[in-house]
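For reference, the chains in residue letters:
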Amino acid sequence: MADNTINIYEKKAEEMTAIHIITEKDKFQQTEGGFVSLDYDGVHYDRVKVVRLFPFSDADKFISIREHGNGEREIGIIEDLAAMPEDTRDILNQQLSLTYFTPVIEKIYSIKDEYGYAYFHVMTDKGECKFAINMGSNAVAKLSDVRLIISDVDENRFEIRDVEKLTQKERRMLDLFL
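Now for a quick tour of the structure.

The rules we used
- Note that residues are indexed from 1 along each chain, following the sequence as it is written.
- In view of the model being predicted, local features appear only for residues whose pLDDT reaches at least 70, and side-chain atom pairs are presented and counted only at 80 or more, with totals across whole chains, interfaces and linings using the full set of residues.
- Only hydrogens and water are set aside when side-chain values are computed; all heavy atoms of the structure are taken into account.
- Any two strands with at least two DSSP bridges between them are considered paired.
- Numbering of helices and strands runs from the N terminus; a helix is a DSSP stretch of H or I covering at least four residues, while a strand is a stretch of E covering at least two.
- Inter-axis angles, ranging from 0 to 180 degrees, are taken between N-to-C directions of lines fitted to C-alpha atoms, where helices are fitted over the stretch in contact.
- Every residue pair with non-hydrogen atoms within 4.5 Å of one another is taken to be in contact.
- Any carboxyl oxygen of Asp or Glu within 4 Å of a side-chain nitrogen of Lys or Arg constitutes a salt bridge here.
- In this scheme, a residue with accessible area under 20% of its type's maximum is buried, one over 50% is exposed, and one in between is partly exposed, where area comes from a 1.4 Å probe on protein chains only.
- Only residues whose relative accessible area exceeds 30% and that form no salt bridge enter a patch; like-charged residues are grouped when within 9 Å of one another, and nonpolar side chains (Val, Leu, Ile, Met, Phe, Trp, Tyr) when within 5 Å.
- In this description, accessible areas are obtained by the Shrake-Rupley approach with a 1.4 Å probe, and a residue is regarded as covered only by the protein chains that are shown.
- An expected span of 1.5 Å times one less than the residue number is assigned to each helix.
- By construction, the arc corresponds to the directions joining the helix axis to the C-beta atoms.

Overview of the sheet that holds strand 1 (residues 27–30)
Strand pairing in a sheet relies on backbone hydrogen bonds. The paired strands run either parallel or antiparallel. Reading across the sheet, the three strands line up as 1-2-3 and stay open at both edges, with antiparallel pairing between neighbours. The outermost strands of the open sheet, each flanked by one partner alone, are strand 1 and strand 3 (43–45). When the angles between neighbouring strand axes are averaged without regard to direction, this sheet yields 15°. Sheet analysis places strand 2 (residues 36–40) next to strand 3, joined by three bridges and oriented antiparallel. Residue leucine 38 lies in a different strand from strand 3, and its bridge partner there is tyrosine 45. Where helix 2 (residues 86–99) meets the sheet, its contacts fall on strand 1 and strand 2, and the angle it forms with strand 1 comes to roughly 55°.

See the structure below:
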């Protein structure tokens, strides 16, 4: 019986670590509710979640397709979004744009530090915005010497593509985070 239990755990571990590649043969569809369904390897998934594995460095490569709910178990990976049919790319890009909505900060009007939070007032490529970050967290991530991603208290993301393009006054406001 102990051997049987070990085999069950080995099989589960193998299933959990196996990489399944989703190709142009697999069928994605947009549902009436605006979600995405998938037919993969003879199984129909009513709703899937689309996740970029490298959202900043290689956004259109290695897209993870996961079951919605159910612990978001990975169904498979699309190695290159460009290799998928155009209708599939459109469906998946629409979902990705909802998940990875990241306004680009173009101007910083002010940053105020109060009670462990920093309050930003900025202009983005999507319009004027005010948001707060927790100073005790890793809310500001440096992606390179000049590129930043800022995550606010509501888990929204904002990007500064090049801090060198900001004015000296704006860069001084950011000094606390650099």
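Remarks on the pattern of salt bridges
Under the counting rule described, the total for this entry stands at nine salt bridges. A salt bridge links lysine 107 to glutamate 170, with the shortest nitrogen-to-oxygen separation between them at 3.9 Å. Linking lysine 107 in strand 7 (residues 105–114) with glutamate 170 in helix 3 (residues 168–174), this pair joins segments that are 63 residues apart in sequence. Judged by relative accessible area, which is 36%, lysine 107 ranks as partly exposed. The partner of aspartate 125 in a salt bridge is lysine 126, with the nearest N and O atoms 3.9 Å apart. A cluster of three or more residues bridged by salt bridges with shared partners is formed by Arg147, Glu159 and Arg161.

Some details on the environment of lysine 130
Locating lysine 130 in the fold gives a position in strand 9 (residues 127–134). Residues lysine 130 and isoleucine 111, spaced 19 residues apart in sequence, show a C-alpha to C-alpha distance of 9.7 Å. If we ignore the near neighbours within four places in the chain, the residues touching lysine 130 are Phe120 and His121.

Considerations on a nonpolar patch on the surface
Nonpolar side chains collect at one region of the surface, where Leu53, Phe54 and Phe62 lie side by side and expose about 250 Å² of accessible area between them. Within the secondary structure, leucine 53 is located in the loop between strand 4 (48–52) and strand 5 (61–67).

Side note on the pairing of strand 2
Among the five residues that make up strand 2, four are buried, leaving the element largely enclosed by the rest of the structure. With four bridges connecting them, strand 1 and strand 2 associate as antiparallel partners. Pairing of lysine 27 across the sheet is with aspartate 39, part of strand 2. Where strand 1 hands over to strand 2, the hairpin turn is made up of five residues, of which glycine 34 adopts a positive phi near 90°. Linking strand 2 back to strand 3 in an antiparallel pair, the connection comprises two residues, with aspartate 41 at a positive phi of about 55°.

Overview of helix 2
For helix 2, built from 14 residues, the straight-helix expectation of 20 Å at 1.5 Å per residue is met to within 8% by its first-to-last C-alpha distance of 20 Å. Inspection of helix 2 places Thr88, Ile91, Leu92, Gln95 and Leu96 among the buried residues, and these make up the whole buried set. Projected down its long axis, helix 2 shows its buried positions confined to an angular sector of 130°, all on one face. With respect to the buried face of helix 2, the exposed residues turned more than 90 degrees away are Glu86 and Leu98.

Let's talk about unusual backbone geometry
A positive phi angle, near 55°, is found at phenylalanine 62, a position not held by glycine. With respect to the helices, strands and loops of the structure, phenylalanine 62 is situated in strand 5. A relative accessible area of 34% places phenylalanine 62 in the partly exposed class. One non-glycine residue, tyrosine 115, lies in positive phi territory at about 55°.

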